[in-house]
Amino acid sequence: CMSLRLLPLLLLALFIIVIEGTVANRVIDTHKNFIRNKSSSTMSTNGSKKRVSIQAPADAPTRSKAPPRRSMGPRQQSLPAFTPDNYSSDEDDKFFHGDKKNAAALTTTTKKKGDDDNEETTPGSGWTNGQVPPQFTPTMTLHPYTRSGRLMLYSHHRRWINFQSSWSRIGKGTTELDAVHKESSSGQSIMTGCLIDEAKTVRALVAQLCECFYKHGWATGTGGGVSIRVGGPSENRPYRIFVAPSGVQKEDMVGDDVFELDMERNVVAPPKTPMLRQSACTPLWYVVYKRVPSAMCVIHTHSMYAQLATLLDPTEKSDVIRITHLEMLKGVGNHSYDSVLEVPIIDNRPTEDLLAEQLDAAILKYPKCNAVLVRRHGIYAWGDSWEQAKAQCESFDYLFETAVKMKGMGLDSGVVPVSGTYRDEDVEMDDGGSNSPPAKRQKTEEGPAFNGSSATNNDADLECSDKTDVPIVPRDSKVLLLDIEGTTTSISFVKDVLFPYVLKNLESYVDKMTDEEKKTTLGELIADVEALDANHVVKQMNLQYTIIDIVKALMGSDVKATGLKSLQGKMWKSGYASGELVGHIYSDFLPMLDWCKANDVKVCIYSSGSIAAQKLLFKHTEKGDITEYFGGRHFDTTSGSKKEAASYQTIASALGVKPEEVVFVSDLEAEIYAARDAGMRAVVSVRPGNAPLSVETKKEFPIVRSLLQLCGNAN
């Protein structure tokens, strides 16, 4: 009974199969007739061209001609499929499968009113940017196998989804010959002005970037992510930020997975894909956007070489990796081939949102660097466009790979090479017999605080064997004027010890201040900010005008200002008093002081650090309190700039001696020249880590590698 009920259904299914087979055979016959007719036509008109055509077998049964198909317009034309059998060299001359007349007719038919007359020559109008050429429509398929197809694709159509017609790492106002590039430049906008269209484009671009980074090995296991910011004051509209989701396969992302937020992290438009969460990186992307106003894209990757770079210091205590003299330094922004790149390193935490405060401090401390490394984790990099962020991220990764591999070769990526690279000082310049100092001098920032310079490689100066006429005390002078950084104390002590102490203890110190102290300190710091140039990077920041915010901004931008100096001095005093800070002095300094004391030689200090900061350092040294040796003879920049000759004349007058009776010792060339111009006997101090000296300086000035070289008998 059941079988009888199913019989009609089985018969109906069989009937449908027979009908579909008949239709399929007719379609195949029509397709073969089309190819055979085209082949015959080509052979008759171009007899010189050899063409392979598809012919029906001789013994094949003759089929009746299929009934003519009802015309549905040019969009319903059938097309021959590409196979090795029907390809020939003259395909290189054809974009369209069909004659040019029909192709032109199709283009005319499908072109909309108001379209640009020459879409193919419009900048940025590639098929990835929404302009689909006619040959990519269902009726006119462009085969990428042909030379013409590839030529069309790579001549006009960019591969990246974008909302600008073009991009260049070289910004406006700079040239390709500039050693340093800071800003990039973009072409014309290809958006229609519709925010929905823009959002769709940016969402798709985020997905495309994530797929790209997955292929690089930077976003495996759902790690990493991208955020892009659009709009802003320059476009007279609020910022909108598009962020990748968390926990999705980055190679399989689509635009429908992306969140759209405002600057307060409110969701403007959720992803169409349900059950998604914002990337765990989102709080950190917002730290960058708020601290770096120019940033329009932030990228986070789990690059293997970025992670390994954080482990080059086996103690894992270093807060920075240094890289110099590599060509790809040009690609990270703000640096040239011979710059010393300092990329900050912050320690990893159990969840990424806990990294926000560390990231904020690192950005403020190293404003020239467009990236921050997270130890045993990865990197955050940013740029003023998504293209710049991507290019800089790629350049950073190249540099980290180089640094890791150099370490394996026994080389340090942060050390200036002794040879094998061009140096300006290697070229002998004809100065026309002039006795004026050379134009090339050590660059220094002048101000009321310590310089806070980083240690560099100066092995060539330490090994210098040129004989120099070193003045001897007390034989040649009874007054010795000394710089601190690079002369009595390690050049990196301030940068690696004193400055980090302030940043580390700032919040707890401010919490203990009275309301009156907070009010006074904040007023002094605001005055520091207002005194800066209008274009200064600090004034471009979105400052909250709190003590902590301003101090981090000023120190991060290496600003030396009165209010900041005052607060630093108070904090250092507290640190020295507690024993947490201990002033560094070289081992030869105390014996030299004893010699001078025994031979009635006055020892004076002239530093960019305040007098109070000088006394604190020398009162709490590794050897104890040594301030008695100076007799209160301390000078700072209240006596004048250390690069101006008049300052040294002022100090000589204050000491009651003539300038020529004073021996001045410093590591900085600009100060040495200024002291000599004032009439003092200038001596260059060479210590490990000091800035390398120019050839001219080594020829013109006496050099000491120990302050004991200044000590000798009166005879």
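Each remark here, short or long, concerns the structure printed above.
Summary of the structure given here. (Residues numbered from 1 in each chain as written. Predicted model: local features only at pLDDT ≥ 70, side-chain atom pairs only at ≥ 80, totals over all residues. Heavy atoms only, no water.)

Helices and strands together make up the secondary structure of the protein, namely 19 helices and 17 strands. Burial statistics for the protein: of 715 residues in total, 46% are counted as buried. Within the protein, residue pairs in contact and separated by at least 24 positions form 69% of the contacts whose partners lie at least 6 positions apart. For the protein, the accessible area works out to roughly 37100 Å², and carbon and sulfur atoms hold 53% of it. (Helix = DSSP H or I, 4+ residues; strand = E, 2+ residues; numbered from the N terminus. Buried < 20%, exposed > 50% of the residue type's maximum accessible area, 1.4 Å probe, protein only. Contact = heavy atoms within 4.5 Å. Areas by Shrake-Rupley, 256 points an atom, 1.4 Å probe, with all protein chains shown as cover.)

This paragraph deals with the pairing of strand E11 (residues 378–383). Taken across its six residues, E11 has six buried, putting it largely inside the fold. Of the two faces of E11, the one lined by Gly378, Tyr380 and Trp382 and the one lined by Ile379, Ala381 and Gly383 are each fully buried. As defined by bridge partners, strand E10 (residues 371–374) adjoins E11 across four bridges and the pair is classed as antiparallel. Residue pairing in the sheet places Leu373 in a bridge with Ile379 of E11. (Pairing = 2+ DSSP bridges.)

Among the secondary structure elements, Glu669 is positioned in helix H18 (residues 669–678). A polar atom in the side chain of Glu669 sits 2.8 Å from the backbone nitrogen of Ser694. (Polar contact = N/O pair within 3.5 Å; in protein donor to acceptor, adjacent residues only side chain to side chain.)

Here we come to the nonpolar core. Within the largest apolar cluster, 75 residues are counted, with the highest numbers of intra-cluster contacts made by Val206, Ile228, Ile321, Leu373, Trp382, Phe396 and Phe400. Of the residues forming this core, the biggest block, nine residues, is contributed by helix H4 (residues 195–216). The contact partners of Phe396, leaving out residues within four places of it in the chain, are Val332, Leu341, Val343, Cys369, Asn370, Ala371 and Ile379. (Core = buried A, V, L, I, M, F, W, Y, C linked by side-chain atoms within 4.5 Å.)

Here we take up the sheet that holds strand E6 (residues 267–269). Pairing is mixed across the open sheet formed by nine strands, whose spatial order is E6-E5-E4-E3-E7-E11-E10-E9-E8. Each of the sheet's edge strands pairs with one partner strand only, and the pair in question is E6 and strand E8 (320–324). Direction aside, the axes of adjacent strands within the sheet are offset by 25° on average. Of the pairings in the sheet, the one linking strand E3 (residues 225–232) to strand E4 (residues 237–243) comprises five bridges and is antiparallel in character. Paired with Gly232 across the bridge in E4 is Arg237. (Axes fitted to C-alpha atoms, helices over the stretch in contact; angles between N-to-C directions.)

This brings us to the pattern of salt bridges. With the rule as written, the count across this model stands at 21 salt bridges. In this structure, Arg203 engages Glu260 in a salt bridge whose closest nitrogen and oxygen atoms are separated by 3.6 Å. Remark: Glu260 occurs in strand E5 (residues 259–261) and Arg203 occurs in helix H4; sequence separation between them is 57 residues. The pair formed by Arg203 and Glu260 is uniform in burial state, with each residue classed as buried. (Salt bridge = Lys/Arg side-chain N within 4 Å of Asp/Glu carboxyl O.)

Turning next to the packing of helix H17 (residues 645–655) against H18. Two elements in contact, H17 and H18, have axes separated by 7 Å at closest approach and are oriented at 60°. The angle between H17 and H18 falls in the class oblique. Both H17 and H18 take part in a crossing whose hand is right-handed. Taken together, the residues of H18 that come into contact with H17 (itself represented by Ala645, Tyr648 and Gln649) are Glu671, Ala674, Ala675, Asp677 and Ala678. Looking at the contact of H17 with H18 residue by residue, the class counts come to five nonpolar, one polar and two charged. (Parallel < 35°, antiparallel > 145°, perpendicular 65-115°, else oblique. Left-handed = near helix turned anticlockwise from the far one by under 90°. Nonpolar A, V, L, I, M, F, W, Y, C, P; charged D, E, K, R; others polar.)

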